[in-house]
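One-letter residues, chain by chain:
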Amino acid sequence: MDYRGKTVIVTGGANGIGRAIAIAFAGQGDCVVIADVDELGGKKLAMQIQKKGESAMFIRTDVSDPESIKAMVRKVVDELGEIHILINNAGISEFKPFFELSVEEWGNVINTNLRSAFLCSQESAGIIKNSGGGAIVNIASTRALMSEPKSEAYAASKGGLLALTHAMAASLSEHKITVNAISPGWIHTRDYEKLREKDHKQHFAQRVGKPDDIARACLFLCGPQNNFITGENFVIDGGMTRKMIYES
Ligand code: NAD
């Protein structure tokens, strides 16, 4: 597997799924940029990775702010020269009753989850192209495909990410950049041991997902040997979106 020495930006890389993705790429010998609003968590993780003799840096970034994204990419280019891989992972959820969701709350979710992926990609793609090509992965959600009540803004942002994924795959193909999405299901990011048996058993896979399940898929999609895969959405949910749930 050839992952050596790539520069990888992981938005929202300080915690949860993004953290696992950052650790996985660093473990493969890549230099990971943790772009997150969480300064404490991001710096701590960068230090933890560096202590293992691997490469990571933290850049405080608010992906809902276009200027902050521009400054982050400028800093990466100044310090590292190249970008090969961008993981658009940062995201927030806002579950509010349909009639109560304000236009500000709607905008905040859309700008943090969806507009951010477009802007981070737009800022980075020219550099990825000049670095010899690479890969973009957008972390969407199975909520792009199925719903519970009160999830309009989040569902719309993730559905938009799937459409953005194939649109960018078309636009960036000539620059040798693949663009794919991963739609995680239930990925438990803390206190996994506190989950109940029924939490696990409701999945075809007989277990709730872990951040590493998503990190491994990112490594796979960003491997240069897998560049025949582009414009796709990978549902990683232990089978939940394939499960028929009519009650008998
Ligand atoms: P998390 O809350 O544990 O981590 C999200 C990270 O994003 C945090 O480090 C946070 O500081 C950062 N972040 C939030 N707003 C930001 C901003 N404006 N700018 C920069 N960074 C920001 O969440 P998670 O569960 O690890 O989710 C990661 C991604 O996976 C999200 O896009 C989420 O929607 C998606 N997802 C998660 C699950 C799940 O079950 N955990 C399921 C489907 C999709």
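Preceding this section is the structure that the text describes.
Let me begin by describing the structure that accompanies this report. The residue count restarts for each chain, going from 1 along the sequence in the order it is written. Totals for whole chains, interfaces and linings use every residue, but because this is a predicted model, local features are given only for residues with pLDDT of at least 70 and side-chain atom pairs only at 80 or more, for both listing and counting. Note: side-chain values were computed over all heavy atoms of the structure, leaving out hydrogens and water.

Notes on empty space enclosed by the protein
Working step 1: Using a grid of 1 Å spacing that covers the protein atoms alone, one calls a set of points a cavity when a 1.4 Å probe fits there but cannot get out, and a pocket when the set is open and has protein on both sides within 12 Å along at least five of seven lines; lining residues are those with an atom within 4 Å of a point. Grid points are joined across faces, edges and corners, and a volume is the space filled by probe spheres set on the points. In the structure shown here, the tally under the stated rule is one cavity of 30 Å³ or more.
Working step 2: Taken as a whole, the largest cavity spans an internal volume of roughly 50 Å³.
Working step 3: If you trace the largest cavity, you find it lined by T11, V63, N88, N89, A90, N113, S116, A117, C120, I139, K158 and L161.
Working step 4: Here a helix means four or more residues in a row that DSSP labels H or I, a strand means two or more in a row labelled E, and each is numbered from the N terminus. Looking at the lining of the largest cavity, the elements with two or more residues in it are α4 (103–130) and α5 (152–172).
Working step 5: Of all the elements, α4 adds the most residues to the lining of the largest cavity, at four residues.
Working step 6: Classifying every residue of the lining of the largest cavity by side-chain character gives six nonpolar, five polar and one charged. Classification used: nonpolar for Ala, Val, Leu, Ile, Met, Phe, Trp, Tyr, Cys and Pro, charged for Asp, Glu, Lys and Arg, polar for all others including Gly.

Considerations on α5
Working step 1: Between its terminal C-alpha atoms α5 stretches 29 Å, which fits the 30 Å expected from 21 residues at 1.5 Å a residue.
Working step 2: Where α5 is concerned, the buried positions are A153, Y154, A155, S157, K158, L161, L162, L164, T165, M168, A169 and L172.
Working step 3: Looking at the buried side of α5, the elements it contacts are α4, β5 (134–139), β6 (177–184) and β7 (233–236). Helices are assigned an expected span. That span is 1.5 Å times one less than the residue count. Burial status follows relative accessibility: with a 1.4 Å probe on protein chains alone, a residue under 20% of its type maximum counts as buried, one over 50% as exposed, and anything between as partly exposed. We call two residues in contact when some of their heavy atoms are within 4.5 Å.

Thoughts on the layout of surface pockets
Working step 1: The calculated volume of the largest pocket comes to roughly 1,400 Å³.
Working step 2: Lining the largest pocket are 44 residues, and of these S141, R143, Y154, P184 and G185 lie nearest its centre.
Working step 3: For the lining of the largest pocket, the elements supplying multiple residues, two or more each, are α1 (16–27), β2 (31–36) and α5.
Working step 4: Per-element tally for the lining of the largest pocket: the top contributor is α1, with three residues.
Working step 5: The class makeup of the residues in the lining of the largest pocket is 17 nonpolar, 18 polar and nine charged.
Working step 6: G133, G134, K176, P224 and N227 are, among the 16 residues lining the second largest pocket, the residues nearest its centre.

Describing the pattern of salt bridges
Working step 1: For salt bridges, the criterion is a side-chain nitrogen of Lys or Arg within 4 Å of an Asp or Glu carboxyl oxygen. This structure, assessed with the given rule, holds 10 salt bridges.
Working step 2: Between E39 and R60 there is a salt bridge whose closest N-O contact spans 3.9 Å. With E39 in helix α2 (residues 39–51) and R60 in strand β3 (residues 55–60), this residue pair connects regions lying 21 residues apart in the sequence.
Working step 3: Close ionic contact of K70 with E67 constitutes a salt bridge, the shortest N to O distance being 3.9 Å. With K70 and E67 both in helix α3 (residues 66–80), this residue pair falls three residues apart, about one helical turn.
Working step 4: One salt-bridge network, in which partners are shared between bridges, spans E39, K43 and R60.

Topic: the environment of E148
Working step 1: Among the structural elements, E148 can be located in the loop between β5 and α5.
Working step 2: Once the C-alpha coordinates of E148 and F95 are considered, the two residues, 53 residues apart in sequence, prove to be 9.7 Å apart.
Working step 3: Pairs of N or O atoms within 3.5 Å make up the polar contacts considered here, provided that, within protein, one atom can donate a hydrogen while the other can accept it, and that residues adjacent in sequence are counted only when both atoms are side-chain atoms. A distance of 3.0 Å separates polar atoms of two side chains, one belonging to E148 and the other to R143.

Remarks on the site of the ligand
Working step 1: Distances are taken per atom, and a residue is near a molecule or strand as soon as one of its heavy atoms is within 4 Å of it. If you check the shell around the ligand, you find 28 residues, and the closest are N15, I17, D36, N89 and Y154.
Working step 2: Within the side chain of N15, a nitrogen or oxygen atom sits 2.8 Å from an oxygen atom of the ligand.
Working step 3: Within the complex, 82% of the 820 Å² of free accessible area of the ligand lies under protein.
Working step 4: Mapping the ligand onto the cavity grids shows that it belongs to the largest pocket.
Working step 5: Secondary-structure elements contributing two or more residues to the shell around the ligand are α1 and α5.
Working step 6: For the shell around the ligand, the per-class residue count stands at 12 nonpolar, 11 polar and five charged. The Shrake-Rupley method, run with a 1.4 Å probe sphere, supplies the accessible areas, and residue values consider only the shown protein chains as cover. Cavity and pocket membership follows a simple rule, namely that a molecule belongs there if more than half of its atoms are within 2 Å of the grid points.

Here's the deal with the nonpolar core
Working step 1: Take the buried Ala, Val, Leu, Ile, Met, Phe, Trp, Tyr and Cys residues and link them wherever side-chain atoms come within 4.5 Å; each set so joined is a nonpolar core. Residues I21, F25, I34 and I87 are the most contacted members of the largest nonpolar core, which totals 32 residues.
Working step 2: Elements supplying a minimum of two residues to this core: β1 (7–11), α1, β2, α2, β3, β4 (85–88), β5 and α7 (211–222).
Working step 3: Residue contacts for I34: discarding those within four places in its chain leaves V10, G13, A14, A22, G42, L45, A46, I49, A56, M57, F58 and I59.
Working step 4: Core analysis: the second largest hydrophobic core is formed by 31 residues, I110, A140, L161 and L164 among them.

Considering the side chain of T11
Working step 1: Mapping T11 onto the fold places it in strand β1.
Working step 2: When residues no more than four places from it in sequence are discounted, the contact partners of T11 are A35, V63, L86, I87, N88, N89, A90 and C120.

Description of the pairing of β2
Working step 1: Here β2 lies mainly inside the structure; six of its six residues are buried.
Working step 2: Looking down the strands as they point away from the viewer, one classifies a crossover as right-handed if the path from the first strand across the helix to the second runs clockwise. A crossover connection joins β1 to the parallel β2 through α1; in handedness this β-α-β unit is right-handed.
Working step 3: Only when DSSP finds a minimum of two bridges between them are two strands counted as paired. For β2 and β3, the ladder comprises six bridges, and the chain directions are parallel. Of the residues in β3, the one forming a bridge with C31 is S55.
Working step 4: Note on the crossover from β2 through α2 to β3: the handedness is right-handed.

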